[in-house]
Amino acid sequence: GSGAANPNTQSVPLPTRSDKFGKRPDENGANPFGFSEENEDNYWALQDSADRLYDSFQALGPEGGFLPPAVAKDVLLQTGLGKDQLRQIWNLSDIDRDGFLDHHEYVVAMFLCDAVIQKKKPIPSELPNSVIPPSKKALMNARKEGF
C-alpha cells in the first residue's frame, strides 16, 4: 500500500447548517417522553421500567455492562419461579444469546417474571415487538428473516 488517503472520504458530504435547523428524520428522538408506539423502531414499552431498574442492575455489579450468568441466575431464582419458566424467560431475555444479560435484557427478564408472578400471564413464545429493546430490534428482525 502506498498509504494514500482513503478514497471514500472524498465522497462524504460535509454537514451543512441547514440540516441542524431542518427536520431530522428522527423527530421524536429529543422528546423527553420517548417514542410513540407508532414509531416501531424506537418505541420501547419498557423504557420507564428500564429507568427504574437501572440502579438495581448496577447494584448487581455488572462487568463491562453485563451481568455474568451466575449473577443473573441468582436474581432470577429469587423470583421464586420454577426452572422451566426461568429457562423460557432467559431464552426470551438473552436476546443476543451471549449468555450474559445487559441492562436492557435484564429489564426484559424482570418484566417477564413480573408478568408471570403479578399478572399471572403465560410466558410468551416470542417477545412482542414493543418489548424488544430498540438496541436489539435489528438483531431480532434479521433472525426472523432467517439470517
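The following paragraphs examine the structure supplied in this document.

Scoring rules and cut-offs
Residues numbered from 1 in each chain as written. Predicted model: local features only at pLDDT ≥ 70, side-chain atom pairs only at ≥ 80, totals over all residues. Heavy atoms only, no water. Helix = DSSP H or I, 4+ residues; strand = E, 2+ residues; numbered from the N terminus. Buried < 20%, exposed > 50% of the residue type's maximum accessible area, 1.4 Å probe, protein only. Contact = heavy atoms within 4.5 Å. Phe/Tyr/Trp six-rings, centres within 6.5 Å; stacked < 30°, edge-to-face > 60°. Core = buried A, V, L, I, M, F, W, Y, C linked by side-chain atoms within 4.5 Å. Salt bridge = Lys/Arg side-chain N within 4 Å of Asp/Glu carboxyl O.

## Side note on the overall build of the protein
Each helix and strand in the protein was counted, giving six helices and two strands. Secondary structure of the protein in N-to-C order comes out as α-α-β-α-α-β-α-α. Per-residue burial for the protein yields a buried fraction of 29% across its 147 residues. Pairs at least 24 residues apart make up 62% of the contacts formed inside the protein by residues separated by at least 6 positions.

## A closer look at the packing of aromatic side chains
In this structure the tally under the stated criterion is two aromatic pairs. For the pair Phe57 and Tyr106, a centre-to-centre distance of 5.3 Å together with 50 degrees between the ring planes defines the contact as tilted. Taken as a pair, Phe57 in helix α2 (residues 47-59) and Tyr106 in helix α5 (residues 103-117) lie far apart in primary sequence, 49 residues in all. The same class applies to Phe57 and to Tyr106, which are both buried. Pairing Phe66 with Phe100 gives two aromatic rings, centres 6.5 Å apart and planes at 80 degrees, and the pair type is edge-to-face. Linking Phe66 in strand β1 (residues 66-67) with Phe100 in the loop between α4 (83-93) and β2 (101-102), this pair joins segments that are 34 residues apart in sequence. Judged by relative accessible area, which is 30%, Phe66 ranks as partly exposed.

## Brief notes about the nonpolar core
Core analysis: the largest hydrophobic core is formed by 28 residues, its most contacted members being Ile89, Tyr106, Val108 and Leu127. Elements with a minimum of two residues in this core: α2, α3 (69-77), α4 and α5. Top contributing element to this core by residue count: α5, with eight residues. Apart from the residues lying within four places of it in its own chain, the contact partners of Val108 are Trp44, Leu46, Leu92, Ser93, Leu127, Val131 and Pro133.

## Side note on the environment of Asp114
Relative to the helices and strands, Asp114 is located in helix α5. With a relative accessible area of 33%, Asp114 lands in the partly exposed category. On a C-alpha basis, the gap between Asp114 and Thr79 in space is 8.5 Å, while along the polypeptide they are 35 residues apart.

## Observations concerning the pattern of salt bridges
Inspection of every chain in the model, using the stated rule, returns three salt bridges. In this structure, Asp84 and Arg87 form a salt bridge, with 2.7 Å as the shortest nitrogen-oxygen distance. Of this pair, Asp84 and Arg87 both sit in helix α4, three residues apart, which is roughly one turn of the helix. A residue is classified by how much of its surface remains accessible, and Asp84, at 52% relative accessible area, is exposed. Residue classification places Arg87 among the partly exposed residues on the basis of a relative accessible area of 47%.

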